[in-house]
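Now for the letters of each chain:
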Amino acid sequence: MSEIKDQLLYSAEHEWVERISDDTVRIGITDFAQHQLGDIVFVELPQAGAEVASEAVIGTIESVKTVSDLFSPVTGTITNFNPELETEPELVNSDPYGRGWMVEVKVSGDLDSALSNLLSAEAYAEHAQD
């Protein structure tokens, strides 16, 4: 069974979201998603300053099996991206909730409203089983 962390929120597209300040979230892909992809060999992420829209593609994740899109669960501005993934994309496999994080986004508008459509850990666990 894939690891699902209770303190995080989740998208239906298998991204996790962690609130890191009053207006900013950190985003990565779930343990379930990295297992489905297999060995990650390349991650393409947007640069700081890029505007992103909820449910829009913001990058790609390439594994030995496939190339998959990374979606933004929120609307806002990229404030940071994980530079370690440029040389160590396998961190997404080994530590998807830690060193394998992907981007940080300063959310446009009210953060609570932006997060209200995301799944709880329990709801995501049910979704991932479907």
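Note that the coordinates shown come from a computational prediction; the quantities given were computed from them, not determined experimentally.

**Quick word on the overall build of the chain**
Thought 1: The number of helices and strands found in the chain is 5 helices and 9 strands.
Thought 2: For the chain, the N- to C-terminal ordering of α and β elements is β-β-β-α-β-β-β-β-β-α-α-β-α-α.
Thought 3: A globule of 130 residues ought to have a C-alpha radius of gyration of about 14 Å, and the chain, at 13 Å, matches this closely.
Thought 4: Here the C-alpha coordinates of the chain stretch approximately 40 × 35 × 20 Å along the principal axes.
Thought 5: Counting every position in the chain, which comprises 130 residues, the buried fraction comes to 45%.
Thought 6: Look at the contacts in the chain between residues 6 or more apart in sequence, and 61% of them connect residues 24 or more apart.

**So, unusual backbone geometry**
Thought 1: Of note in the backbone geometry, H14 takes a positive phi value of approximately 80° without being a glycine.
Thought 2: Relative to the elements of secondary structure, H14 occurs in the loop between β1 (9-10) and β2 (15-19).
Thought 3: A relative accessible area of 18% means that H14 is categorised as buried.
Thought 4: Of note, E55 is a non-glycine position whose phi angle comes to about 75°, a positive value.
Thought 5: The topology assignment puts E55 in the loop between β5 (51-52) and β6 (57-63).

**Description of the pairing of strand β8 (residues 76-81)**
Thought 1: Judged from the 2 bridges that link them, β5 and β8 form a sheet pairing that is antiparallel. Residue pairing in the sheet places V52 in a bridge with G76 of β8.
Thought 2: Relative to strand β9 (residues 103-107), β8 runs antiparallel, the two being bridged by 5 bridges. What sits directly across from N80, in β9, is E104.

Cut-offs used in this document
- Residues numbered from 1 in each chain as written.
- Predicted model: local features only at pLDDT ≥ 70, side-chain atom pairs only at ≥ 80, totals over all residues.
- Heavy atoms only, no water.
- Helix = DSSP H or I, 4+ residues; strand = E, 2+ residues; numbered from the N terminus.
- Rg over C-alpha atoms; globule rule 2.2 N^0.38 Å.
- Buried < 20%, exposed > 50% of the residue type's maximum accessible area, 1.4 Å probe, protein only.
- Contact = heavy atoms within 4.5 Å.
- Pairing = 2+ DSSP bridges.

What is shown is where atoms sit, not what they do.
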